[in-house]
Amino acid sequence: LIFYNGINLETGGNAWFTKLVENAQKKENKDYYAVSDGVDVIYLEGQSEKGKEDPHAWLNLENGIIYAQNIAKRLIEKDPNNKATYEKNLKAYVEKLTALDEENKKALDNLPEGGKYLITPHDAFNYFSRRYGIEVVAPQGVSTDSEVANKDIDKTVDFIVKHKVKAIFAESTTDPARMEKLKEACRAKGFDVKVVSGEGNELFSDSLAPEGQSGDTYIDMYKHNIKLITENLK
């Protein structure tokens, strides 16, 4: 079995996953499945057509539960003799995700009013924003490879200064220098903002941490992100 995210993540752009399937001659014998089937998809701002979806659905733990359910379903189909084991493991995992979601809501609700703004390099946290009611602003689009327009940088700087945002966050898969430029631009306007970056102090959006480090599983990645956000925005 091959599991992939879906929502146009692996099949858009250079469509590497489509090429992989074709090269493996798997088009007829379909053993590959999108784990995001059933997710309420968010589209990019002002868009609604195919190819404009935001693929970062795993950043809402409700969707993480859907992913786990889809994986268990396909494993049971492939290996019905072990159905009871898969169902038991799914139940235990869903309980963990549900408990973590409640912990997250309590932690984020304790942030000061007027301080619930998450500034990140690229636009990956829309599902997180929907779940927890935190406004997310990013100068870059969904792709980590896209260029950042000067007007988008200026717009983000104006937002940080206007709302007196305490901290802005680097991500593990983007260049932290971009956030330093935002800091410099804010300082030029008379406002100092902290850049949260460096090893162990980056948000995870498109990857996990290396094995053995904080954030190396889905649950630990989420705990890492929440801890970083709440500690620096409180």
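Further up the page is the structure itself.
Computed from a prediction, not measured in an experiment: that's the story for all the values here.

Caption draft 1: Expanded view of the overall build of the chain. Within the chain one finds seven helices and eight strands. At a minimum sequence separation of 6, the contacts of the chain that also span at least 24 residues come to 67%.

Caption draft 2: Seen up close, unusual backbone geometry. Phi is positive for Ile 7, close to 50 degrees, though the residue is something other than glycine. On the basis of relative accessibility, which here comes to 13%, the residue Ile 7 falls in the buried class. One non-glycine residue with positive phi stands out, namely Lys 164, at about 50 degrees. Relative to the helices and strands, Lys 164 is located in the loop between helix 5 (150-163) and strand 7 (167-169). When its relative accessible area of 60% is taken as the criterion, Lys 164 is described as exposed.

Caption draft 3: Seen up close, the packing of helix 3 (residues 83-109) against helix 7 (residues 218-233). Closest axis-to-axis distance for the helix 3/helix 7 pair is 11 Å, and the angle between their directions is 5 degrees. One element, helix 3, and the other, helix 7, form an angle in the roughly parallel class. Contact residues: Tyr 93, Lys 96, Leu 97, Leu 100, Asn 104, Ala 107 and Leu 108 in helix 3; Tyr 218, Ile 219, Tyr 222, Lys 223, Ile 226, Ile 229 and Thr 230 in helix 7. Of the residues assigned to the contact of helix 3 with helix 7, the class counts are 10 nonpolar, two polar and two charged.

Caption draft 4: Layout of the packing of helix 2 (residues 61-78) against helix 3. Contact pair helix 2 / helix 3: the axes reach a minimum separation of 10 Å and the direction vectors enclose 175 degrees. One finds that helix 2 runs roughly antiparallel with respect to helix 3. Residue-level inspection shows Leu 61, Gly 64, Ile 65, Ala 68, Gln 69, Ala 72, Leu 75 and Ile 76 of helix 2 in contact with helix 3, the latter providing Lys 83, Tyr 86, Glu 87, Leu 90, Tyr 93, Val 94, Leu 97, Thr 98, Leu 100, Asp 101 and Asn 104. Partitioned by chemical class, the residues of the contact of helix 2 with helix 3 number 12 nonpolar, four polar and three charged.

Calculation criteria
- Residues numbered from 1 in each chain as written.
- Predicted model: local features only at pLDDT ≥ 70, side-chain atom pairs only at ≥ 80, totals over all residues.
- Heavy atoms only, no water.
- Helix = DSSP H or I, 4+ residues; strand = E, 2+ residues; numbered from the N terminus.
- Contact = heavy atoms within 4.5 Å.
- Buried < 20%, exposed > 50% of the residue type's maximum accessible area, 1.4 Å probe, protein only.
- Axes fitted to C-alpha atoms, helices over the stretch in contact; angles between N-to-C directions.
- Parallel < 35°, antiparallel > 145°, perpendicular 65-115°, else oblique.
- Nonpolar A, V, L, I, M, F, W, Y, C, P; charged D, E, K, R; others polar.

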